[in-house]
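For reference, the chains in residue letters:
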Amino acid sequence: MTNRSTYPRLLGDIGGTNARFVLETGPRRFEYVQVLACADYRSLESALASYLDYALAQCRSPIRHAALAIANPVDGDSVKMTNHHWHFSISALRERFAFDTLEVVNDFKALAMALPLLPREKTVKVGAGKARKESVIGLVGAGTGLGVSALIPVDGKYVAMDSEGGHVTFSPSTDTEMAILHIARRDYPHVSAERLMSGVGLHIVYRALAELENCTPDDIDVPQIIKRGLAKSCAICDKTIDAFCDMLGTLAGNVGVTFGAKGGIYIGGGIVPRLGTRFADSGFRARFESKGRFSSYLAEIPTYVIVDDFPAFLGVSAILDQSSRACS
């Protein structure tokens, strides 16, 4: 059986906006990182070929083993992305690049596997609570889409869940959120949590709040909404950030009680870290704990923001190690 721990190994984290690649040249030693805009490439194959041209010019050793995390369900050989047009065959991709091993997993499964390996300085605690050892750990993350996963302790190790929990039906908790839902349903018969708590979702919430305030929304993109909201230079943008944090708190609380995540809830994705201290000062934690009779239950669960730039690389590496052990 091929030794899948042979280095260098190619690792990738493929989102709806960016594809991140790295070579793992030794255990948890990551070099030659590149972040490629998905929109610049017609396919994952072309993006991967571009990265390998760069990486192999730096590291001339052959690459036989690879693992990719992708923002999409992975069930069988054919993969078609939810929030981007790329689609591919895992076996054909493996053959195209002559990999002996190619593991392809859901991106939040990979991120969940990274959680026990994250250095403490790569997380920021929000609110109170204390993690219990050998307990379930929950994960929520908002970026181009919305991801959910959990780590389940089994026989001294963790098993990461494949989950598409970001696509659960959005659950409003206030009159304003009910009004946002009503507006969103004009265009989307099913309004998922991802539809509102994501990059695209911030824009939908912004336009809905402008309508509720009888204002004409500006023609601005999500980075501008965040920038104006953080600067408090636009009242609607400011309220959009507040609404996002509150709604994410409700969803994270749902994950907490659903999985019994006494090991803590981690917040990943690209949006929350960009909010900085605004997130800690928001209504996120109060909404997280706002579960009626189970408020005290959630008050004991800590919440952490992941501030590592490339946390999924740790998880993809761990999955490749785990796969190697299973085949040895």
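Residues numbered from 1 in each chain as written. Predicted model: local features only at pLDDT ≥ 70, side-chain atom pairs only at ≥ 80, totals over all residues. Heavy atoms only, no water.

## With respect to the pairing of strand S11 (residues 157-160)
Reasoning step 1: Alignment of strand S10 (residues 146-154) against S11, held across four bridges, turns out to be antiparallel. Looking across to S11, one finds that Leu151 is bridged to Ala160. (Pairing = 2+ DSSP bridges. Helix = DSSP H or I, 4+ residues; strand = E, 2+ residues; numbered from the N terminus.)

## A short note on the environment of Ser323
Reasoning step 1: Tracing the backbone through its elements, the reader meets Ser323 in helix H13 (residues 311-327).
Reasoning step 2: On the accessibility criterion, Ser323 (14% relative accessible area) is buried. (Buried < 20%, exposed > 50% of the residue type's maximum accessible area, 1.4 Å probe, protein only.)

## Re the environment of Ala57
Reasoning step 1: With respect to the helices and strands, the residue Ala57 is situated in helix H1 (residues 44-58).
Reasoning step 2: Residue classification places Ala57 among the partly exposed residues on the basis of a relative accessible area of 42%.

## Things to note about the nonpolar core
Reasoning step 1: Membership of the largest hydrophobic core comes to 51 residues, with the highest contact counts inside it found for Leu196, Met197, Phe244, Leu248, Ile267 and Phe279.
Reasoning step 2: Among the elements that take part in this core, helix H8 (residues 235-259) stands out by supplying eleven residues, more than any other.
Reasoning step 3: Once residues within four sequence positions are removed from consideration, Phe279 is found in contact with Val126, Cys245, Leu248, Val272, Phe284 and Val305. (Core = buried A, V, L, I, M, F, W, Y, C linked by side-chain atoms within 4.5 Å. Contact = heavy atoms within 4.5 Å.)

## As for the pairing of strand S13 (residues 303-306)
Reasoning step 1: The alternating pattern of S13 places Thr303 and Val305 and Tyr304 and Ile306 on opposite faces, both of which are buried.
Reasoning step 2: Across four bridges, the pairing between strand S8 (residues 123-126) and S13 is antiparallel. In the strand pairing of S13, Val124 is matched with Val305.
Reasoning step 3: Taken together, the three bridges between strand S12 (residues 265-268) and S13 define a ladder with parallel strand orientation. Following the sheet pairing, Ile267 is matched in S13 by Val305.

By themselves these figures say nothing about function.
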